[in-house]
Amino acid sequence: MSSKPSATASLKRVSTLAEHRRESARALSRLRAAPAATLITLLVIGIALLLPALLLQLQRAMSAGIVALESEASISVYLDLGVSDDDAKRVSEQILKLDEVDSLEIITPAQALAQLSETAGLDSEFLASFDSEVSTRSQSDTRDSVFSPRNPLPTTFLVSARASGDDTLGEAAERLATEIRGVERVESVAVEGAWLARLQALTQIIRRAAQLLSLLMAVGLLTAIGNTIRLAVEQRRDEIRVSKLIGASDGYIARPFLYLGLFLGIGGGLLAWLLQLIVVGLIGHEIGQFLALYAVEDGNSGAFALGEALQRAGQELGLLLGAGGLLGWIAAVVASRRAIAACEP
Amino acid sequence: MSMKGAKGYSLIRMITFDRVSKRYPGGQQALANLTFSLARGEFAFVTGHSGAGKSTLLKLVLGIEKPSGGNLVVNGNEMSQISPKMLALHRRQIGTVFQDHQLLNDRSVYDNVALPLEISGLDPREGKRRVRAALDKVGLLSKEKLLPMALSGGEQQRVGIARAVVNTPRIILADEPTGNLDPELSAEIMALFAQFMSVGVSLLVASHDRALIDGLGYRTLTLEEGRLSAEANPHLAGGSANEF
């Protein structure tokens, strides 16, 4: 008894698959039959998907750079002149107890002087005339002595902040700086992040613009694809009427139009991806230069960068194909349902 | 109501009009208080002048129009309450021959005839066998690859007939099916319909070809201004002719 129903179900399943193959092939052949109209529609869809995709890509590149910079962002803590090594160590231990501190590096006055000489290209004899230990002595000692001129640089801590909760590193650094300013023997505190905040703000603007543009373009795409589907339904009005007369359901009639919308969306997504590769190829160098101004690496060099770039390109292709296909399908569902319902025998 | 006739008609009613009326939105009364039924395996002509309501009657059976009043039951479906999904299934059980053929001009003769089978989701191999058999019956197998535009009016009508019968329907509706055919071909088509009748298919044929109707001697419903004005049924014992 059980073999008969299963055989019937099997036949039905094969038949349904064959139906979908046939309808998808028909949709493709309809697209091929009107190459100019298809190309124009694909271009419209491709460009509409390209614009937000480019903005999102720029925003992502900047965000990645900012994250890298934030991880290196530090707070410079300058101690009073004349703080001894022991005092400096005590202050550093006190700072390390604070929650937001990730790491702390001590730069002694001598190290600072050496770094300054390297950076400024100062004469070694001139530097040798300083007593590197002077700054750690008391003012009275210095006044009474006949030693070399005093090292004017203070003991400095480079403190890295650690983000907690929903705070960004920048916010954590600002809060930590406020706490450190209250520590005894601390002369001044500088957060290296004002320009980073500006870059972050710019990135946020680009992200919001990309989101808004994506929304507007999605509406535009739904309208454009929907209109194409509506026209396709209109062109096949007679066929739809006859099909309804001999028992075709609206769902059956809609199937080739759904494939049409899906293929247009996927084709537009593919075109957008290709256009994006071209645009990035053309202006990628300029973007890299812009990001380099903020010390952001563009990550376009080396074998690792190549692999990463390929992976990113694959993700972008998947995203564009998915977005295009989904929008095309939704537009086809909405447009074909209304247009087919209007084609009554 | 007995439906027994000379050919042993089934008692199963395939089409039942019970005081059915149809008034179009413009106010035109197309059918008024129409009552009759068609049994399984029964053949009936519907005749009358132009505008008598023949086409409206067929449209109601097919579900293109809904009755304004009364009850119409076709193949077990109450037509005034049928859902869109059921309506599609309902139409698959009915083979319809249209006066204006309703063929798809961008599809071949074969594809036109195969359309009902495609819609029903039939396996293509089985479908091919059925399509070729149907085309063979109407004498168009050799023209299966042509487009309808390449055929004469009579040939197009025969393609429409092949499409109507290919899905082995329970009911065949035909609106002037022999309008474009010569007498010899008309007789062949009617003989084909008779074959379907003999295997239990009900046929309702709208025609005003009196010679054809009188020659075949099937049950005849005559409409006049939307009303059943006369009914003749030669197959009933001793024959029957009623005027209303």
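If you're wondering where the values come from, they're calculated on a predicted model, not measured in any experiment.

A. Highlighting the sheet that holds strand β4 (residues 186-191) of chain A. Residues and elements named next belong to chain A. Strand order in the open sheet formed by four strands is β2-β3-β1-β4, and the pairing between neighbours is antiparallel. Edge positions in the sheet fall to β2 (101-107) and β4, since each of these pairs with one other strand and no more. Between one strand axis and the next, the sheet turns by 20° as a mean value, whatever way the strands run.

B. Spotlight on the environment of B:V166. Residue and element names in this part refer to chain B. With respect to the element layout, V166 can be found in the loop between α5 (153-165) and β7 (171-175). Along the primary structure V166 and A134 are separated by 32 residues, whereas in three dimensions their C-alpha atoms are 5.7 Å apart. The contact partners of V166, leaving out residues within four places of it in the chain, are V113, P116, L117, R130, V131 and A134.

C. Looking closely at the sheet that holds strand β5 (residues 77-78) of chain B. Residue and element names in this part refer to chain B. If you trace the four strands from one edge of the open sheet to the other, you get β2-β1-β4-β5, paired in antiparallel fashion. Both edges of this open sheet fall to β2 (29-39) and β5, since each of them pairs with a single strand only. Across two bridges, strand β4 (residues 69-74) lies against β5 in antiparallel orientation. Looking across to β5, one finds that V73 is bridged to E78. Sheet contacts for helix α1 (residues 54-62): β1 (13-23), β2 and β4; angle to β1, the most-contacted strand, approximately 120°.

D. The interface of chain A and chain B, seen in detail. Listed per partner, the contact involves 20 residues of chain A and 19 residues of chain B. Summed over both partners, the interface of chain A with chain B buries about 1800 Å², with 55% contributed by carbon and sulfur atoms. Looking only at chain A, the three residues that lose the most surface to chain B are A:V242, A:L245 and A:I246, adding up to 34% of its buried area. At the boundary of chain A and chain B, one finds four salt bridges. Notably, a salt bridge pairs B:R107 with A:E239, separated by 2.7 Å at the nearest N-O pair. Across the contact surface, chain A and chain B share five residue pairs in polar contact (both at pLDDT 80 or more). The set of elements that each furnish at least two residues to the side of chain A that touches chain B consists of α1 (3-33) and α9 (237-245) of chain A. When residues of the side of chain A that touches chain B are assigned to their parent elements, the largest contribution, seven residues, is made by α9(A). Of the residues belonging to the side of chain A that touches chain B, the class tally is seven nonpolar, four polar and nine charged.

Calculation notes
Residues numbered from 1 in each chain as written. Chains lettered and ligands numbered in written order. Predicted model: local features only at pLDDT ≥ 70, side-chain atom pairs only at ≥ 80, totals over all residues. Heavy atoms only, no water. Pairing = 2+ DSSP bridges. Helix = DSSP H or I, 4+ residues; strand = E, 2+ residues; numbered from the N terminus. Axes fitted to C-alpha atoms, helices over the stretch in contact; angles between N-to-C directions. Contact = heavy atoms within 4.5 Å. Buried area = accessible area lost by both parts, 1.4 Å probe. Salt bridge = Lys/Arg side-chain N within 4 Å of Asp/Glu carboxyl O. Polar contact = N/O pair within 3.5 Å; in protein donor to acceptor, adjacent residues only side chain to side chain. Nonpolar A, V, L, I, M, F, W, Y, C, P; charged D, E, K, R; others polar.

Keep in mind these numbers describe shape, not what the thing actually does.
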